[in-house]
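A closer look at the structure
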Amino acid sequence: MKCLQARFAASNFYTNVGPILLCVNAYRDVGNSLTLNSTRSLPLSPQLNKVVQEAVRQQSETGYPQAIILSGTSGSGKSHASMLLLRQLFAVAGGGPETDAFKHLAAAFTVLRSLGSAKTATNSESSRIGQFIEVQVTDGALYRTKIHCYFLDQTRVIRPLPGEKNYHIFYQILAGLSSEERAKLNLEGCSPSTLRYLQHGDTRQDVTEDSLRFQAWKTCLGVLGIPFLDVVRVLAAVLLLGNVQFIDGNGLEVDVKGETELNAVAGLLGVSGAALFRGLTTRTHNARGQLVKSVCDANMSNMTRDCLAKALYCRTVATIVRRANSLKRLGSTLGTLSSDSNESVHNQAEIASQHASTIGGGTNAGSKSMAALNNAVKHATDGFIGILDMFGFEDPKPSQLEHLCINLCAETMQHFYNTHIFKSSIESCRDEGINCEVEVDYVDNVPCIDLISSLRTGLLSMLDVECSIRGTAESYVSKMKIQHKHNSRLFDPKSLESRLFGIQHFAGRVIYDASGFLDTNKDVVPDDLVAVFYKHNCNFGFATHLFGSELKALYSIENVPRGISFRISPTSHTDLLNGDEPVSTLTQDFHTRLDNLLRTLVHARPHFVRCIRSNSQESSNRFERTTVMRQIRSLQILETVNLMAGGFPHRMRFKAFNTRYRLLAPFPRLQRTEEKLMEDCNLILEHVIELMSKEQNVHVATNWAIGKRHIFLSENIRQHLEKLRTETRQKSAVLIQATWRGYRFRCRWATIRREKELQTSTINQSTITRATNNGARPRPQPIAGTPPPDPNEKCDNKIIQQTCNLFGLDLERPPPVPPSRSYTVAGNTKLGYPQTRIMKMTYPEDGGGDGAVLLKGEPVLVVGASPKRGHLIVEHKHYTLHVPFQYLELKQNVNI
Ligand SMILES: Nc1ncnc2c1ncn2[C@@H]1O[C@H](COP(=O)(O)OP(=O)(O)OP(=O)(O)O)[C@@H](O)[C@H]1O
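All figures in this text were calculated on a predicted structure; none of them were measured in a lab.

**Let's talk about the overall build of the chain**
- Summing up its helical and strand segments, the chain has 31 helices and 30 strands in all.
- Buried residues in the chain amount to 40% of all 896 residues.
- Residue pairs at least 24 apart in sequence account for 69% of intrachain contacts in the chain once pairs closer than 6 positions are excluded.

Right under this line is the structure:
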């Protein structure tokens, strides 16, 4: 804590605990819109840069997927850091911010940020959408990107909690549309305060900012190729639905307050007012095969209205995400922006997924199908670098079902960290008989995860049961209290309100109000309402598209509507259980998706970034000790420091250790055989320690231990090993380059002399040019230091292997190398052969013995592509040469 505070005062907001990075949010630029574009002007810290460099390095060295996992409470700066990391990832592997891929991704984030952020009690820019950004990198270059979104906060689209500004997009629409556009959408006269969904007022300054953000949002929709008007019509309908209210009338039917708005909503959604009214206020029931229609009361109709608003909102978000993921990148050589199907890895996994309350935890799935599933996930995610920015721990009052899911997600991420950092290192030390001086006493949060999500008795499973028997919030809470009466993680808030219960989470105690749990969990919309959007009744294609798979399932049989319900949120399946209930609930879906995410993560090498908010008021540069202390405790930072300082947090197989560090030992003393691996490891370490003791006079003898299968390293020795390795490699590289360049230069000496002679003939010309250039000398040519490729080499074996892995091809029979093209492409034009080109450099550089030499600056005739990769055929003075294309420059209007 003292260390963090001192660093904070010195404007050092990033601190490393071994390989784990702590970021303290200093709120230096509150109001930052947290989009990928907005980070372009921000400086990137060297520490964040190192995380990216390390992930890219490990990915390219091992081919193993990497995951940068951001965690911390709400408002700690996860989304901010994730955008900076992503920008840096593009700079390292993706060609930088001027590429099409970056622009598309930046547009997607601008659109999603507007749709998915809201002001909560703890964060004015809280992300209500969890994100896992998957960037596939092949050979150190970005190949494709994909955003996986986790959206579960539908309830608050229509019902903000006290102190919340609802989803920012609604404000932006109202502030950004011109009055003409508003009139067209029937939003004229609406202001945030007149719309029920936007009760929590804003200030004038917000309005200006909202309007600017709206323009950015609109432009970015265009970049993604999403029709602006389609989306805005749906969102305007959601807004207007907020002013529609059903009240019990005198007759059979309910009365409507805000009929004009209801008709406007119908108009925007392309259906008739009467059809929408009927869809919202009538229900079809199936009474033993007999279809009966009934009129809903006001309460039920209002609930259906809310369901419609939620369904429209989250289905629009899902459509935009799908669209952003299926964009092709035009005119770029780097590949496509996830050009394949919309089915994500997570969806593939969903098919067979079962609940697993903890990582690798017991599921009862057949081990064979599990292995197949894990393999499928592994292959599909090979080689990615992922950035995970999920929901942070929250404690709003009152806390609802969505917050229980959000906190389950935070618990799961905490458990992932515990398992990876503490549990696995302590257990492997024990298994391999290593005695560690430091006891790391971390808090395991498995009991809390089990309480919420264990298969039969977990709170979520009990909620599903309660939903299926049509129970009540009171009966649910009383059953859970009986079932878990000895569980110290569940506590009774001792309130008169029987629908409250409390959970002791890793980051604090939260009291939940179960009043809306059952309805939120069922998450259903009746078929009477869905049928309204069938293409024969609805002339707005986008609205029909939002309910596309439900309508297809509904109209595959006659008798529509027939008293069934569908899920409000888009799911990967529209199947129905018992003929009329969706097969899953909101929490089941979320839990399954979380499990699948974990399965992806356990195959990846994690890099942890732990975010900490510096104060609870979002004030700039204020370090609040109690707020920071609470987070240090819950994130178990002290335990991490202990482990890094005195334990063995790193372990490596003997072979891997040898391969990586054998360059540090005296070469002749290494045995270099499989049987003597352990001896070699010892030798390397002893030699390194000897070096270190000589250099720095430090005692590091206890910093490593040899186990049965692994070598265990402290953080201290790992850092030293890495430092020495980098230094040795650098020195060796310089030596190799110097020797090679010397040799090449000596070989080229004869040619250089001839070049000089050629230059003498144009010496007068150059003197004139130099004079007009104010004496500036021409730039010296770089020395070509790379040896020419082996003439027999057709295609690099590594490339063949990677291509086969990527596309699942048979390595025994790799695809044929594509034939050379009969043309070249310059700008956007195809140029056929023969072509005239100018020699950029002399070829061959060493003079070529007795054969032909093409001198720098000479025009030559290129007659076609050479069968030798990367070469062109040049005919020059009766000679035919195969010249690497980089020696030749394309010039138009040159005569030989
Ligand atoms: N390093 C930073 N420097 C300056 N401002 C920051 C930094 N990190 C975050 N902020 C600001 O703090 C606010 C909260 O950050 P952010 O939304 O990233 O938190 P979060 O952890 O993602 O929260 P949630 O889980 O609620 O989405 C933002 O307005 C952001 O601009």
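**Remarks on the sheet that holds strand S13 (residues 490-491)**
- Pairing in this open sheet of three strands is antiparallel, and the strands run S13-S14-S15 from one edge to the other. Unpaired on one side and paired on the other, S13 and strand S15 (508-513) mark the two borders of the sheet.

**A look at the nonpolar core**
- Within the largest apolar cluster, 168 residues are counted, with the highest numbers of intra-cluster contacts made by Ile68, Ala236, Ala237, Val265 and Val609.
- A per-element tally of this core places helix H15 (residues 401-431) first, with twelve residues.
- Ala237 has contacts with Val265, Leu268, Leu269 and Leu312, leaving out every residue within four places of it along the chain.
- Counting 14 residues, the second largest nonpolar core, distinct from the first, contains Tyr661, Phe712, Ile717 and Leu721.

**Side note on the environment of Arg593**
- Note on placement: Arg593 falls in helix H23 (residues 586-602).
- Sequence separation between Arg593 and Val92 is 501 residues; the distance between their C-alpha atoms is 30 Å.

**Points about the UniProt feature "binding site: ATP" (unreviewed entry) in the chain**
- Annotation from UniProt places "binding site: ATP" (unreviewed entry) at Gly72, Thr73, Ser74, Gly75, Ser76, Gly77, Lys78 and Ser79.
- With respect to the helices and strands, Gly72 occurs in the loop between strand S3 (66-71) and helix H3 (78-94).
- For Gly72, a count of 26 C-beta atoms within 10 Å gives the class buried.
- Residues within four places of Gly72 in sequence aside, it is in contact with Lys78, Gly392, Arg610, Cys611, Ile612 and Gln631.
- Relative to the helices and strands, Gly77 is located in the loop between S3 and H3.
- On the basis of neighbour count, Gly77 is assigned to the buried category, with 24 C-beta atoms found within 10 Å.
- Those residues within four positions of Gly77 in sequence are excluded, and the remaining contacts are Cys23, Asn25, Cys611 and Arg613.

**Observations regarding the domain arrangement of the chain**
- Split by domain assignment, the chain resolves into domain 1 (256-318 + 521-584), domain 2 (648-727) and domain 3 (823-890).
- Domain 2 and domain 3 are separated by 50 Å when their C-alpha centres are compared.

**Some details on the pairing of strand S27 (residues 859-865)**
- Of the pairings in the sheet, the one linking strand S26 (residues 835-839) to S27 comprises four bridges and is antiparallel in character. Bridge pairing in S27 links Thr836 to Leu861.
- In this sheet, strand S28 (residues 871-876) lies alongside S27 in antiparallel orientation, the contact comprising four bridges. Directly across from Gly864, in S28, lies its bridge partner Ile873.
- Following S27, the chain reverses through five residues before pairing antiparallel with S28; Gly870 in that reversal takes a positive phi of roughly 75°.

**Describing the packing of helix H9 (residues 228-241) against helix H12 (residues 298-325)**
- Across the interface, H9 lies against H12 with an axial gap of 10 Å and an inter-helix angle of 155°. Classified by the angle between their axes, H9 and H12 sit roughly antiparallel to one another. The two elements H9 and H12 meet at a crossing, and its hand is left-handed. For the pair formed by H9 and H12, the contact residues are Val231, Val234, Ala237, Val238 and Leu241 on the first element and Arg305, Leu308, Ala309, Leu312, Tyr313 and Thr316 on the second.
- For the contact of H9 with H12, the per-class residue count stands at nine nonpolar, one polar and one charged.

**As for unusual backbone geometry**
- Look at the link from Lys397 to Pro398: it is a cis peptide, with omega at -5°.
- Tracing the chain through its elements places Pro398 in the loop between strand S12 (384-389) and H15.
- Between Tyr833 and the following residue, Pro834, the backbone shows a cis peptide bond with an omega angle of -5°.
- In this structure, Asn186 takes a positive phi of about 65° despite not being glycine.
- With respect to the helices and strands, the residue Asn186 is situated in the loop between helix H7 (179-184) and helix H8 (204-224).
- Positive phi, normally seen in glycine, also occurs at Gln636, with a value near 55°.

Basis of the calculations
- Residues numbered from 1 in each chain as written.
- Predicted model: local features only at pLDDT ≥ 70, side-chain atom pairs only at ≥ 80, totals over all residues.
- Helix = DSSP H or I, 4+ residues; strand = E, 2+ residues; numbered from the N terminus.
- Buried ≥ 20, exposed ≤ 12 C-beta atoms within 10 Å, placed from the backbone.
- Contact = placed C-beta atoms within 7 Å.
- Pairing = 2+ DSSP bridges.
- Core = buried A, V, L, I, M, F, W, Y, C linked by C-beta atoms within 7 Å.
- UniProt positions renumbered as here; feature names shortened; annotations may be inferred.
- Domains from an automatic or database assignment.
- Axes fitted to C-alpha atoms, helices over the stretch in contact; angles between N-to-C directions.
- Parallel < 35°, antiparallel > 145°, perpendicular 65-115°, else oblique.
- Left-handed = near helix turned anticlockwise from the far one by under 90°.
- Nonpolar A, V, L, I, M, F, W, Y, C, P; charged D, E, K, R; others polar.

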